[in-house]
Amino acid sequence: MALLEIKDVSVHYGRIQALHGISLTVNEGEIVTLIGANGAGKTTTMRALAGLLNLSSGSVMFEGEDISKLAGHKRVVRGISLTPEGRGIFPAMTVRENLEMGTYALKRRTPVDESFDKVFDLFPRLKEREAQAGGTLSGGEQQMLAIGRALMGQPKVLLLDEPSMGLAPQFIRQIFSIISQVNEQGITVLLVEQNANQALGRADRAYVLETGRITRTGSGAELLADPAVKEAYLGVA
Ligand code: ATP
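Keep in mind the model is a prediction, meaning the values are calculated, not measured.

Moving on: the site of the ligand. Surveying the vicinity of the ligand reveals 13 residues, the closest of which are Gly-39, Gly-41, Lys-42, Thr-43 and Thr-44. With respect to the ligand, the side chain of Glu-85 contributes an N or O atom lying 3.1 Å from an oxygen atom. At 3.1 Å from an oxygen atom of the ligand is found a side-chain nitrogen or oxygen belonging to Glu-162. Out of a free accessible area of 640 Å², the ligand has 62% covered by protein chains.

Across the sheet, which stays open at both edges, the six strands sit in the order β6-β7-β8-β3-β9-β10 with mixed pairing between neighbours. Each edge of the open sheet is held by one strand with a lone partner, namely β6 (80–83) and β10 (213–219). Ignoring strand direction, the axes of neighbouring strands in this sheet form an average angle of 15°. In this structure, strand β3 (residues 31–35) lies alongside strand β9 (residues 205–210), joined through four bridges in parallel fashion. The residue of β9 that forms the bridge with Ile-35 is Val-208. Those strands touched by helix α6 (residues 139–152) are β6 and β7 (157–161), and its axis lies near 170° from that of β6. Set on the sheet, helix α7 (residues 169–184) makes contact with β3, β7 and β8 (188–193); between it and β8 the angle comes to about 155°.

How each quantity is defined
Residues numbered from 1 in each chain as written. Predicted model: local features only at pLDDT ≥ 70, side-chain atom pairs only at ≥ 80, totals over all residues. Heavy atoms only, no water. Near = heavy atom within 4 Å. Polar contact = N/O pair within 3.5 Å; in protein donor to acceptor, adjacent residues only side chain to side chain. Areas by Shrake-Rupley, 256 points an atom, 1.4 Å probe, with all protein chains shown as cover. Pairing = 2+ DSSP bridges. Helix = DSSP H or I, 4+ residues; strand = E, 2+ residues; numbered from the N terminus. Axes fitted to C-alpha atoms, helices over the stretch in contact; angles between N-to-C directions. Contact = heavy atoms within 4.5 Å.

Printed below as a string of structure tokens:
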């Protein structure tokens, strides 16, 4: 059974249709990547999964149950966490306070100390900067903080929207290696990326989204080898 599934989902922003009946599945334990150009609808797909917008039609299923009408904060409690594009950290709050925000929806149902230990284990850099304001971190560190915050809720599935965006190459490598580590700890990952090469390299399966439609799907390796994907997303003809 799929852990997370989108079935025939359409989304409109006013009269603009951003998603045209897309379907995708994420199975437990997988890293699934969604690639696509600017404006293809990747962020819209993530927001639909996180419960941050209304579907025009179709459904979102989690653990076999229709959660299409479930509010975003309730999805966090169920085990779906989103690290949004652009990170959305709180610049004036300390690193520790930012991380604590990730447990807010859970009403302390998850042991917070255990979550801190796990996150600091994964990101020693955040431990060192625990008392520092979030806004003073480097871009790469802010991305770590955003991922750490999502992990504080001990999610079953982590939705990552363009985690490598705007980062220097050494941070990009680090972020992808952290994504693999998170997955090895048993967390299922859905990753949206423009950095298609690395993202497909780490993906069990992947989907290509073009102007609101899924146009290709396969294993990460299959899509990496696909000439059309190479030409459009990997910068090689
Ligand atoms: P990017 O990589 O540039 O962030 P994306 O693949 O994440 O792109 P979306 O942000 O999901 O794309 O946008 C899909 C389409 O919906 C685009 O054509 C975009 O202009 C449109 N869109 C997104 N948000 C809104 C909004 N709030 N109002 C109107 N149109 C929107």
